[in-house]
Amino acid sequence: MAKFMVDNKTVEANEGITLLRACLENDIYIPNLCWIKGMADAPVSCRLCFVEIEGQPQPVSSCKIKVKDDMVVKTDGPSVRRLQKTAFQLLMSAHEINCKVCPANKKCELQKIARFLKTGLKPKRMEPHLKEASDSTSHPCLDLHVNRCVLCGRCIYTCIQKHDQALITFAKRGIDTIIRFYGASEALSATCSECLACVAICPVGAITLKSEK
Ligand code: SF4
Ligand code: SF4
Ligand code: FES
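Rules used in this analysis
Throughout this document, residue positions are counted from 1 along each chain, in the order its sequence is written. Note on labels: chains are lettered from A, ligands numbered from 1, in written order. Thresholds applied to this predicted model are a pLDDT of at least 70 for local features of residues and 80 or more for the giving and counting of side-chain atom pairs; totals over whole chains, interfaces and linings are not thresholded and use all residues. Working from all heavy atoms in the structure, the side-chain values ignore hydrogens and water. Strands are runs of DSSP state E lasting at least two residues, helices are runs of H or I lasting at least four, and both sets are numbered from the N terminus onward. As a reference, a globule follows 2.2 Å times the number of residues to the power 0.38, and the radius of gyration itself is taken over C-alpha atoms. Any pair of residues with heavy atoms lying within 4.5 Å of one another is described as a contacting pair. To be clear on the numbers: accessible area is Shrake-Rupley with a 1.4 Å probe, and residue cover counts the displayed protein chains and nothing else. In this tally, Asp and Glu contribute negative charge and Lys and Arg positive charge; neither His nor the terminal groups of the chain are included. One atom stands in for each charge, and that atom is NZ of Lys, CZ of Arg, CG of Asp or CD of Glu. Note: domain ranges come from an automatic or database domain assignment. Two parts placed together each lose some accessible area; with a 1.4 Å probe, that loss summed over both constitutes the buried area. Basic side-chain nitrogens of Lys or Arg form a salt bridge, by our definition, when they fall within 4 Å of a carboxyl oxygen of Asp or Glu. Contacts described as polar in this section are N or O atom pairs within 3.5 Å, which, within protein, must combine one atom able to donate a hydrogen with one able to accept it, while residues neighboring in sequence count only if both atoms come from side chains. In this classification, the charged set is Asp, Glu, Lys and Arg, the nonpolar set is Ala, Val, Leu, Ile, Met, Phe, Trp, Tyr, Cys and Pro, and all remaining amino acids, among them Gly, are polar. When DSSP finds two or more bridges between a pair of strands, those strands are recorded as paired. Interaxial angle, 0 to 180 degrees, is taken between N-to-C directions of lines fitted to C-alpha atoms, where a helix line uses only the stretch in contact. For patch building, the residue pool is restricted to those with more than 30% relative accessible area and no salt bridge; the joining distance is 9 Å between like charges and 5 Å between nonpolar side chains (Val, Leu, Ile, Met, Phe, Trp, Tyr). Here a residue is considered near a molecule or strand provided that any single heavy atom belonging to it is located within 4 Å of it.

Looking at the overall build of the chain
- In terms of helices and strands, the chain carries six helices and nine strands.
- For 213 residues, the compact-globule estimate of 2.2 N^0.38 gives 17 Å, and the C-alpha radius of gyration of the chain, at 18 Å, lies within 12% of that figure.
- Taking the principal axes of its C-alpha atoms as reference, the chain extends roughly 55 × 40 × 30 Å.
- Residue pairs at least 24 apart in sequence account for 60% of intrachain contacts in the chain once pairs closer than 6 positions are excluded.
- Carbon and sulfur atoms form 51% of the exposed surface of the chain, whose accessible area is close to 11,800 Å².
- The average position of the 30 basic charges and that of the 22 acidic charges among the side chains of the chain differ by 6 Å.

Observations regarding the domain arrangement of the chain
- Domains assigned within the chain are domain 1 (1-129) and domain 2 (131-213).
- A C-alpha centroid distance of 24 Å is found between domain 1 and domain 2.
- Listed as interface residues are 21 residues of domain 1 and, on the opposing side, 16 residues of domain 2.
- Here domain 1 meets domain 2 over a buried area of about 1,400 Å², counting both sides, of which 60% is carbon and sulfur.
- Among the residues of domain 1 in contact with domain 2, L33, I36 and P103 are the three that bury the most area, contributing 32% of the side total.
- For the interface between domain 1 and domain 2, the tally reads zero salt bridges.
- Counting the contacts that link domain 1 with domain 2 gives six residue pairs in polar contact (both at pLDDT 80 or more).
- Split into classes, the residues belonging to the side of domain 1 that touches domain 2 amount to 14 nonpolar, five polar and two charged.

What about the sheet that holds strand 2 (residues 9-13)?
- With respect to topology, five strands assemble into an open sheet ordered 2-1-5-3-4, the strand pairing being mixed. The open sheet has two edge strands with one neighbour each: strand 2 and strand 4 (60-61).
- Here strand 1 (residues 2-6) pairs with strand 2 via five bridges, running antiparallel. Paired with F4 across the bridge in strand 2 is V11.
- Across the sheet, helix 2 (residues 78-93) touches strand 3 (50-53) and strand 5 (72-74), and the angle it forms with strand 3 is around 160°.

As for the environment of S79
- Note that S79 resides in helix 2.
- Placed 28 residues apart in sequence, S79 and V51 show a C-alpha to C-alpha distance of 8.9 Å.
- Non-local contacts of S79, meaning those with residues more than four positions away in its chain, are made with E52 and P59.

Remarks on a positive patch on the surface
- There is a patch of like positive charges on the surface, built from K85, K118, K124 and R125.
- Within the fold, K85 resides in helix 2.

Focus on the site of ligand 1
- Contacts to ligand 1 come from H95, E96, N98, C99, C102, A104, N105, C108, Q111, V204 and G205.
- Class assignment of the residues belonging to the shell around ligand 1 gives a composition of five nonpolar, five polar and one charged.

Structure representation (structure tokens):
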């Protein structure tokens, strides 16, 4: 076991687990979107899980750091909050906010993070830049909503864990990156209708059953 301090509280956690996991399991919330428990390597793509560690010159991503004895961690300093708010606003500037018609409303991770950071969902000083690509409706039982997707990759990781290969993937590049299904409609129908793990793991309302909107 490693024993260390987080926000003046003593925390004990198994050696080898990430600092983000150790904090979450000890009721210390750090905003996060792209990490899932069990991942060997976090993609470090959402840039939300910053913390300060004594002795390190800059805040670091807690999903990338393994716990160590005697580390001293601060999760709520002003520089951490500034970085988290900027990352969140950037993410929200590419997100179509229409909670009233979204199946994720009231259980959405973005709403939870906005409440935690005491910031609104709508970025104040950033122009929206939504993608022009259309939503994907070709899957037999699921729809993908391009401008709700935060590109966290949780669905891809989960699909690989379940089926040894991803039936869902990122397509295009850079700011045009979107999520898409992979493969023929009949094969997807047989596999996905029994599974739906991607719907469950999506932190927002970007993958919906055809019966939902
Ligand atoms: S994904 Fe969350 S923030 Fe976005 S529209 Fe749906 S409920 Fe609102
Ligand atoms: S569809 Fe959902 S789980 Fe998949 S990358 Fe987009 S937001 Fe993440
Ligand atoms: S959870 Fe650490 S960068 Fe996304």
